[in-house]
Amino acid sequence: MALYLLYETASGYSLFLAHGLDEIGQNTEAVRSSITDMNRFGKVVQLTAFQPFESALDALNQCNSVSEGLLTDELRNFLELNLPKVKEGKKPKFSLGVSEPKIGSHIFEVTKIPCQSNEFVLELLRGVRLHFDRFIKDLKPGDLEKAQLGLGHSYSRAKVKFNVNRVDNMVIQAIFLLDTLDKDINSFSMRVREWYSWHFPELVKIVNDNYLYARVVKLIEDKSKLSDDIIPALTDVLGDEDKAKEIVEAGKASMGQDLSAVDLINVQMFAQKVMNLSEYRKKLYEYLVTKMNDIAPNLASLIGEVVGARLISHAGSLTNLAKCPSSTLQILGAEKALFRALKTRGNTPKYGLIFHSSFIGRASARNKGRMARYLANKCSIASRIDCFAESNTTVFGEKLREQVEERLDFYDKGVAPRKNIDVMKAAIESTQSDGVQIHKLIFFFYTNSIHIVEWFDWKIIWMIWRQKKLQQRKARKRSQNLRLQRMVEPMSVDNGDASEVAKSEKKKKKKDKRKLDEETQPLEKSNGVNDDVHEDGTAKKKKKKKSKDEGDDVQATSDAKKKKKKKSKVEDDE
């Protein structure tokens, strides 16, 4: 059977014929050793056809389709022109070797050309790649490298193509920096308090806020210079005139020690650094709010910008968060507690990062778990809308927030909430009335959760459906295993007790048999009886009766002998 090789390059499609190869001689190690030698490899593999790309854009389109495993019209025409025709109802006498089995299956589905992709074909293609510049005579040195470099840059740009305003990586970095800044500002503020308390210890009790404390330290400098003239400035900083007067009076009667000018300068410089960090933290928070409104507006309006950003950062991206089911999203951030509970067979956690939401805090203690489950359900819906919808709108997030509020009222007052279908229909109508252009969306309802995908993207539909089915199967298996464990544990205990009772009964029976045997052995010796002994003890009674009868017979014979002797004596006397 003839073997053709399809090789895709940055300059075009090429087709090679590997002749003189038997199935017995298809040894990969032998091929590897012969690849480096062009004289040997050129005798086996020969170029049959080559079709260059028309332009760089054409090369990019062909490369994208081949990487996705799709057969283009250009590649189909190239194969049909240069390969032998496949007759219907007859087995083809050739096969096509490809590097990727995915595109090979697509070629076979469309053109019925048999394709194969194995180690032998890959080694032959490696040899073709190594000596490709020698097969094409018209190629100048360096042309192939330039084509590969240009196509590589354009292909990577096309793959990394995204909307600059919807980069979730910026949100992940911003929330990480915000958390670290909170820790650093807190520790630095405590250091400022401890440092300046040696000079003015009464100020700590008057001013509690860290940022305001640093501003007051920067303003006061030396407590000995405090006077009534500084009260308006302190009032502007603190916003309270009474506190400003209290600071001035405390400074006049302070118990702190005096500091040198150099020490005061260092304290003021450090206080200024804390103030700068606090101001930068405020700007970073504003930046995070704007980015969340661009990337995930519905999630931000539902649960808040900070909690939503933490969920996205913990999941890795907005797409990963959209793929997560609501049960996973509920305990996202509590992985340690979950695995500890599974290991110790304790109670699993009810919430993770969602606990920082205000809805969980407003719910009662008995309803916190229910509220966390319901809120996770709505967050999964909001994240999927933000991920797959092209236009930014907060209508869905606001409607979902209203649903959560209604659920809180239902738990507290018993007011029945609206259905999810009615709320989503109202949200779609409101978006259409506002003039927001939204693609047609398909809604899938699975156990109070909704999946939203674009109408033309059937891969995402299949992926979501497949993921949901796998989750349902896993849940069924878990429930079945738990039921089996609960059923097996008491049965194993009962079986253990029954086995112990059976063993004790067997031991008793053995002891009874031994006693019977020991009792029957001397009787058998005395009477010479070889019959079997029954467990009832009937043999003993029969033996006793026999012995009594035998004794009576002996006595009767002795009496008869005595009578005969008496008769004989009487006759002698006569």
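Remember, predicted model here, so these are calculated numbers, not experimental data.

Q: Which parts of the structure should I look at to understand helix α16 (residues 305-315)?
A: Since the α-helix turns once every 3.6 residues, residues separated by three or four places project in the same direction. Most of α16 sits out of view: nine of its eleven residues are buried. Taken together, the buried positions of α16 are Glu 305, Val 306, Val 307, Gly 308, Ala 309, Leu 311, Ile 312, Ser 313 and Ala 315. Close packing links the buried residues of α16 with α9 (168-197), α14 (261-295), α15 (297-303), α17 (318-323) and α18 (326-330). Trailing α16 by a residue or two, Gly 316 shows a phi angle of about 110°, which is positive.

Q: Looking at this structure, how should I read the sheet that holds strand β4 (residues 94-97)?
A: Strands in a sheet are paired, the pairing made by backbone hydrogen bonds, and the direction either parallel or antiparallel. Judged by pairing direction, the sheet is mixed, and its five strands sit side by side in the order β3-β2-β1-β4-β5 without closing on themselves. For this open sheet the edge positions go to β3 (45-52) and β5 (115-116), each flanked by a neighbour on one side alone. Across four bridges, strand β1 (residues 2-8) lies against β4 in parallel orientation. Among the inter-strand pairings, Leu 3 is bridged to a residue of β4, identified as Ser 95. Across the sheet, helix α4 (residues 73-82) lies against β1, β2 (12-18), β3 and β4, angled at about 30° from β2, the strand it touches most.

Q: How do you make sense of the nonpolar core when you look at a structure like this?
A: As a rule of thumb, soluble globular proteins bury nonpolar side chains together. Core analysis: the biggest nonpolar cluster contains 48 residues, and Leu 288, Met 292, Leu 299, Ile 303, Ile 312, Leu 321 and Leu 375 have the highest contact counts within it. In terms of residue count, the dominant contributor to this core is helix α21 (residues 368-388) (nine residues). With residues up to four places along the chain from it excluded, the contact list for Met 292 reads Val 171, Pro 297, Ala 300, Glu 305, Gly 308, Ala 309 and Ile 312. One finds Val 192, Ile 206, Val 207 and Val 237 within the second-largest nonpolar core, a separate group that totals 28 residues.

Q: What exactly am I supposed to notice about a positive patch on the surface here?
A: On the surface, Lys 507, Lys 509, Lys 510, Lys 511, Lys 513, Arg 514 and Lys 515 cluster together into a patch of positive charge. Locating Lys 510 in the fold gives a position in helix α24 (residues 458-527). The class for Lys 510 is exposed, based on a relative accessible area of 54%.

Q: Hey, could you run me through the packing of helix α12 (residues 231-238) against helix α13 (residues 241-252) in this one?
A: Packed helices, taken two at a time, are described by the angle their axes make and the gap between the axes. Two elements in contact, α12 and α13, have axes separated by 8 Å at closest approach and are oriented at 130°. One element, α12, and the other, α13, form an angle in the oblique class. For the pair α12 and α13, the sense of crossing is right-handed. Of the residues in α13, those in contact with Ile 231, Leu 234, Thr 235 and Leu 238 of α12 are Glu 241, Lys 243, Ala 244, Lys 245, Ile 247 and Val 248. For the contact of α12 with α13, the per-class residue count stands at six nonpolar, one polar and three charged.

Analysis parameters
Residues numbered from 1 in each chain as written. Predicted model: local features only at pLDDT ≥ 70, side-chain atom pairs only at ≥ 80, totals over all residues. Heavy atoms only, no water. Buried < 20%, exposed > 50% of the residue type's maximum accessible area, 1.4 Å probe, protein only. Helix = DSSP H or I, 4+ residues; strand = E, 2+ residues; numbered from the N terminus. Contact = heavy atoms within 4.5 Å. Pairing = 2+ DSSP bridges. Axes fitted to C-alpha atoms, helices over the stretch in contact; angles between N-to-C directions. Core = buried A, V, L, I, M, F, W, Y, C linked by side-chain atoms within 4.5 Å. Patch = residues over 30% accessible without salt bridge, like charges linked within 9 Å, V, L, I, M, F, W, Y side chains within 5 Å. Areas by Shrake-Rupley, 256 points an atom, 1.4 Å probe, with all protein chains shown as cover. Salt bridge = Lys/Arg side-chain N within 4 Å of Asp/Glu carboxyl O. Lys, Arg positive; Asp, Glu negative; His and termini not counted. Charge placed at Lys NZ, Arg CZ, Asp CG, Glu CD. Parallel < 35°, antiparallel > 145°, perpendicular 65-115°, else oblique. Left-handed = near helix turned anticlockwise from the far one by under 90°. Nonpolar A, V, L, I, M, F, W, Y, C, P; charged D, E, K, R; others polar.

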